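So you can see what is in the structure, the chains are spelled out below.
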Amino acid sequence: MKLPFKINLEDKVAVITGGGGVLCGAFAKAIAQCGAKVAILDLKKSNADKVAAEICSTGGYAIGVEANVLDVASLVAAQKEVSAKLGSCDILINGAGGNHPQGTTTKEYLYPEDISNNEGLVTFFDLDPDGVKFVFDLNFLGTLLPTQVYAKDMVANGKGTVVNISSMNAFTPLTKIPAYSGAKAAVSNFTQWLAVHMSKVGIRVNAIAPGFFLTEQNRGLLLNADGSPTARAHKIISQTPMGRFGESDELIGTLLWLVSEEASGFVNGVVVPVDGGFSSYSGV
Ligand code: NAD
């Protein structure tokens, strides 16, 4: 990966949840290229190991660790392993997150006829509480719990930085995905809360709100089975002033800026949109 610029993270340990995924895998590689030792935490160990192996094959230092961001015991076990193999955590990136079909409505709007004829539809009234809960837990608790586990290292060191991953839907909800929108709004809100709460112990907390990046978790919403863009994908692109989806590499500059003490030492509690202008555009 060609970095937009380089920062010095030698002697730092970074922990990246969801690091086996598309966006956070790219984050892990970028942070490793800046010299940090990287722990890639993921529910899918094989994905974490794959990213770690790529980093090690190019001269970096990384380990894959199986961890469930919703299971405190698994997070504590991961923390022990990271601490023993890499040292205490300086940088935490809370990347694990996503949506679930059971927290998603089929249509953007509810029409009167949908009530009497809802065959094959998930209307607002059919949303599954378990699906909604899954999404809230994964995104919100899945950010809070790893922070509880790893920020202790930072408090002990008197410094550290946390980067959460929010989304466009935190600013204005996106149609069809009430659970994911609400959960990411909670992540943005928590980012501000935590930045204030941790400000006396030397921990900065910020978030990145990516616009639309084609990854595994949104592929079904954005691409048809034949790989052509869905109507929703066309709509997104037409509402994105820059007229395209983002590439994961385009988040790296913001990430490196936020984790660099020299570059952003007085930046605390911000949620930075990286969205090609989507959140600024009213559609007119
Ligand atoms: P992805 O699906 O490629 O990666 C998510 C990773 O999280 C996967 O490797 C998955 O195994 C892991 N994961 C899921 N549940 C977990 C759990 N309970 N414990 C540990 N790991 C778990 O998704 P991505 O697009 O790279 O998303 C990364 C982050 O960016 C997510 O928080 C997502 O909500 C957010 N985001 C993505 C986009 C986008 O356009 N792709 C836009 C805005 C925000």
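What you see is a predicted model, and the numbers here were worked out from it, not measured in a lab.

1. Considerations on the overall build of the chain
Then, number 1: Counting its regular elements, the chain contains ten helices and seven strands.
Then, number 2: The C-alpha atoms of the chain give a radius of gyration of 19 Å, which matches the 19 Å a tight globule of 284 residues would have.
Then, number 3: Across its three principal directions, the C-alpha atoms of the chain cover 60 × 40 × 35 Å.
Then, number 4: Accessible surface for the chain amounts to roughly 13,600 Å². Of this, 57% is attributable to carbon and sulfur atoms.
Then, number 5: Computed over 22 positive and 26 negative side-chain charges, the inter-centroid distance for the chain is 6 Å.

2. Some thoughts on the nonpolar core
Then, number 1: The biggest cluster of nonpolar side chains holds 37 residues, and the ones touching the most others in it are Ile-31, Val-38, Ile-40 and Ile-93.
Then, number 2: Going through the elements one at a time, strand S1 (13-17), helix H1 (22-33), strand S2 (37-42), helix H2 (45-57), strand S4 (91-94), strand S5 (160-165), helix H9 (252-259) and strand S7 (271-274) are the ones with two or more residues in this core.
Then, number 3: If one sorts the elements of this core by residue count, H1 sits on top with eight residues.
Then, number 4: In contact with Val-38, not counting residues within four places along its chain, are Ala-14, Ile-16, Ala-28, Ile-31, Ala-32, Tyr-61, Ala-62, Ile-63 and Leu-86.

3. Observations concerning the site of the ligand
Then, number 1: Neighbouring the ligand are 28 residues; Leu-23, Asp-42, Gly-95, Tyr-180 and Thr-215 lie closest to it.
Then, number 2: A distance of 2.8 Å separates an oxygen atom of the ligand from a polar backbone atom of Leu-23.
Then, number 3: Against a free-state accessible area of 830 Å², the protein chains account for coverage of 91% of the ligand.
Then, number 4: Its residues placed into classes, the shell around the ligand shows twelve nonpolar, 13 polar and three charged.

4. Digging into the packing of H1 against H2
Then, number 1: Interaxial distance between H1 and H2 falls to 10 Å at its minimum, and their mutual angle equals 25 degrees. Our classification of the angle between H1 and H2 gives roughly parallel. Crossing geometry of H1 relative to H2 is assigned as right-handed. Mapping the contact onto sequence places Gly-25, Ala-28, Lys-29 and Ala-32 in H1 and Val-51, Glu-54 and Ile-55 in H2.
Then, number 2: A class-by-class count of the residues in the contact of H1 with H2 yields four nonpolar, one polar and two charged.

5. What about the domain arrangement of the chain?
Then, number 1: For the chain, the assigned domains are domain 1 (13-211 + 248-274) and domain 2 (217-245).
Then, number 2: With centres defined by C-alpha atoms, the gap from domain 1 to domain 2 works out at 23 Å.
Then, number 3: Counting residues at the interface gives ten residues for domain 1 and four residues for domain 2.
Then, number 4: Between domain 1 and domain 2, a total of about 540 Å² is buried, with carbon and sulfur atoms accounting for 27% of that surface.
Then, number 5: The largest per-residue losses of area from domain 1 upon contact with domain 2 belong to Glu-108, Lys-176 and Glu-250, which jointly make up 50% of the total buried on that side.
Then, number 6: On the surface where domain 1 and domain 2 come into contact, there are three salt bridges.
Then, number 7: Taking the shortest distance from any N to any O, the salt bridge between Glu-108 and Arg-232 comes out at 3.9 Å.
Then, number 8: Viewed at the interface, domain 2 and domain 1 are joined by three residue pairs in polar contact (both at pLDDT 80 or more).
Then, number 9: Each residue belonging to the side of domain 1 that touches domain 2 can be placed in one class, and the counts come to three nonpolar, four polar and three charged.

6. Thoughts on the pattern of salt bridges
Then, number 1: Scanning the entire structure with this criterion turns up nine salt bridges.
Then, number 2: Notably, a salt bridge pairs Lys-235 with Glu-108, separated by 2.7 Å at the nearest N-O pair. Remark: Glu-108 occurs in the loop between S4 and helix H4 (113-116) and Lys-235 occurs in helix H8 (residues 231-239); sequence separation between them is 127 residues.
Then, number 3: Arg-244 is paired through a salt bridge with Glu-250; the nearest N and O atoms lie 2.7 Å apart.
Then, number 4: Look at Glu-250 and you get partly exposed, because its relative accessible area is 37%.

What counts, and where the lines are drawn
- Residues numbered from 1 in each chain as written.
- Predicted model: local features only at pLDDT ≥ 70, side-chain atom pairs only at ≥ 80, totals over all residues.
- Heavy atoms only, no water.
- Helix = DSSP H or I, 4+ residues; strand = E, 2+ residues; numbered from the N terminus.
- Rg over C-alpha atoms; globule rule 2.2 N^0.38 Å.
- Areas by Shrake-Rupley, 256 points an atom, 1.4 Å probe, with all protein chains shown as cover.
- Lys, Arg positive; Asp, Glu negative; His and termini not counted.
- Charge placed at Lys NZ, Arg CZ, Asp CG, Glu CD.
- Core = buried A, V, L, I, M, F, W, Y, C linked by side-chain atoms within 4.5 Å.
- Buried < 20%, exposed > 50% of the residue type's maximum accessible area, 1.4 Å probe, protein only.
- Contact = heavy atoms within 4.5 Å.
- Near = heavy atom within 4 Å.
- Polar contact = N/O pair within 3.5 Å; in protein donor to acceptor, adjacent residues only side chain to side chain.
- Nonpolar A, V, L, I, M, F, W, Y, C, P; charged D, E, K, R; others polar.
- Axes fitted to C-alpha atoms, helices over the stretch in contact; angles between N-to-C directions.
- Parallel < 35°, antiparallel > 145°, perpendicular 65-115°, else oblique.
- Left-handed = near helix turned anticlockwise from the far one by under 90°.
- Domains from an automatic or database assignment.
- Buried area = accessible area lost by both parts, 1.4 Å probe.
- Salt bridge = Lys/Arg side-chain N within 4 Å of Asp/Glu carboxyl O.

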